Amino acid sequence: MDKGKTYLVTGGAGFIGSNYIKYIIDKYDNIKVVNLDKLTYAGNQENLQSVADKDNYTFIKGDICDQKLIGELFEKYSPDYVINFAAESHVDRSIGNPDDFIKTDIYGVYSLLENCRNFGIEKFVQISTDEVYGSIDKGSFSEDDTFNPSSPYAASKTGGDRLAYSYFVTYDLPVVITRASNNYGPNQYPEKLIPLFITNAIDNKKLPLYGDGKNVRDWLFVEDHCKGVEFVLQNGKNGEAYNIAGNCELQNIEITKKILELTGKSEELIEYVKDRAGHDRRYSLDDSKIADLGWQPEYDFEEGMRETVEWYKNHEYWWRKIKSGEYLEYYKEHYGEDM
Ligand code: NAD
Ligand code: DAU
């Protein structure tokens, strides 16, 4: 039973990190959580309203690249566990401007690892991604397969993934790595496929489907991902990576039609647009390694999507603020006025 530990969660104001913090605070009685987040465009303290006033939760605004700050946090809080969710996470943005991706997703991981090495910790969890493997036409990737990242995002995440591994091999740092499929659920920034399309559909706006709409992604409900990360933290073997799959592969057009069905909107809202540069055709994970340890996702896609659509319907105040601001400027710049 993991009681009394101090978790340093980085990137905890984002989509998955905030869901993870709420999950562990709810699960354990006696842990402390320190959330270090730079509050980029994707970080949002409203995601953590339900835990913000708790005595065992502390928020620190800061950059994982800032080694001095991280050192001070280690001195002050002596974390047992470091779980690194912090990243630039959107593939389209990495195509437009890779710079921040290289800084946060590679140098930021190094900065955390150096401090972990100097201060000592029980576990460092690097949240990696299935995108490190690249695209696969048939079959599924296992943890030992070759890396073939296609976008600057995926390549920088591969750098962070391997840096973490190198600190296990070279310095014996207790590192585990998770590589999950596409997440969906509450609090996802509405630039990613599912929240963008749900919120556009609610507003009767077009749903911009890239290319032929037949790219395949494997979908994992965010709560399952959080449980999977915690499972790997508690049960994973140092130096090992674990795929966390949703076992739910769908073409983008199938997702789009499901969203239109659940929002009660017409398929006339679908608009095929120019394809993403270097667009990976299909992601697929073999998750037998984590399954053999005793973990599997609980949600089925129908259930997860119903909950997700309901959440966006009931939290317009959350996403309307975002969509009326810089996000809109970004999309206008890239895809034209009518987005
Ligand atoms: P997100 O973009 O919603 O959140 C990222 C968070 O990191 C934000 O709160 C942001 O403010 C923070 N951040 C960014 N740069 C930082 C820095 N330099 N220092 C401190 N904080 C910083 O991302 P997400 O979708 O929640 O993804 C979280 C992690 O999970 C990422 O590492 C991502 O690569 C990985 N991942 C995501 C998915 C997915 O489908 N979303 C799937 C697999 C893995
Ligand atoms: O696979 C895990 C990865 O999933 C994570 O590591 C990334 O952080 C996360 O952003 C996600 O990457 P994707 O590129 O797969 O997700 P995105 O939601 O951007 O796109 C999903 C699919 O939908 C992809 O094939 C591109 C397509 N798409 C996306 C958008 C935003 C569209 O057709 N239209 C769109 O407007």
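Heads up: the structure comes first, above all this text.
First, a word on scope: everything that follows refers to the structure included in this document. (Residues numbered from 1 in each chain as written. Chains lettered and ligands numbered in written order. Predicted model: local features only at pLDDT ≥ 70, side-chain atom pairs only at ≥ 80, totals over all residues. Heavy atoms only, no water.)

### Here's the deal with the pairing of strand E5 (residues 123–129)
Among the 7 residues that make up E5, 7 are buried, leaving the element largely enclosed by the rest of the structure. Taking every second residue as pointing to the same face, both faces of E5 are buried, with Lys123, Val125, Ile127 and Thr129 on one and Phe124, Gln126 and Ser128 on the other. Two strands pair when backbone bridges link them, and E5 and strand E6 (residues 175–180) are joined in this way by 6 bridges, in the parallel orientation. Of the residues in E6, the one forming a bridge with valine 125 is valine 176. Between the parallel pair E5 and E6, the chain is carried across by helix H5 (residues 152–171), and the sense of this crossover is right-handed. (Buried < 20%, exposed > 50% of the residue type's maximum accessible area, 1.4 Å probe, protein only. Helix = DSSP H or I, 4+ residues; strand = E, 2+ residues; numbered from the N terminus. Pairing = 2+ DSSP bridges. Right-handed = clockwise from strand over helix to strand, strands pointing away.)

### Overview of the site of ligand 1
Around ligand 1, 29 residues are found, and the nearest of them are Ile16, Asp37, Ser89, Tyr153 and Lys157. Here an oxygen atom of ligand 1 and a side-chain polar atom of aspartate 37 are 2.6 Å apart. Contact between ligand 1 and tyrosine 153: an oxygen atom at 2.6 Å from a side-chain N or O atom of the residue. A total of 830 Å² of accessible area belongs to ligand 1 in isolation, and the protein chains cover 97% of it. Here the shell around ligand 1 takes 3 residues from E5, the largest share from any one element. (Near = heavy atom within 4 Å. Polar contact = N/O pair within 3.5 Å; in protein donor to acceptor, adjacent residues only side chain to side chain. Areas by Shrake-Rupley, 256 points an atom, 1.4 Å probe, with all protein chains shown as cover.)

### Focus: the sheet that holds strand E11 (residues 249–251)
One open sheet accounts for 3 strands, arranged E7-E9-E11; its pairing is mixed. One side of each edge strand has no neighbouring strand; the edge strands of this open sheet are strand E7 (182–184) and E11. Going from strand to strand, the sheet's axes swing by 50° on average, the running direction of each strand aside. Sheet analysis places strand E9 (residues 216–221) next to E11, joined by 3 bridges and oriented antiparallel. The partner of aspartate 218 across the bridge, within E11, is glutamate 249. Running at roughly 85° to E11, helix H8 (residues 252–263) makes contact with E9 and E11 of the sheet. (Axes fitted to C-alpha atoms, helices over the stretch in contact; angles between N-to-C directions. Contact = heavy atoms within 4.5 Å.)

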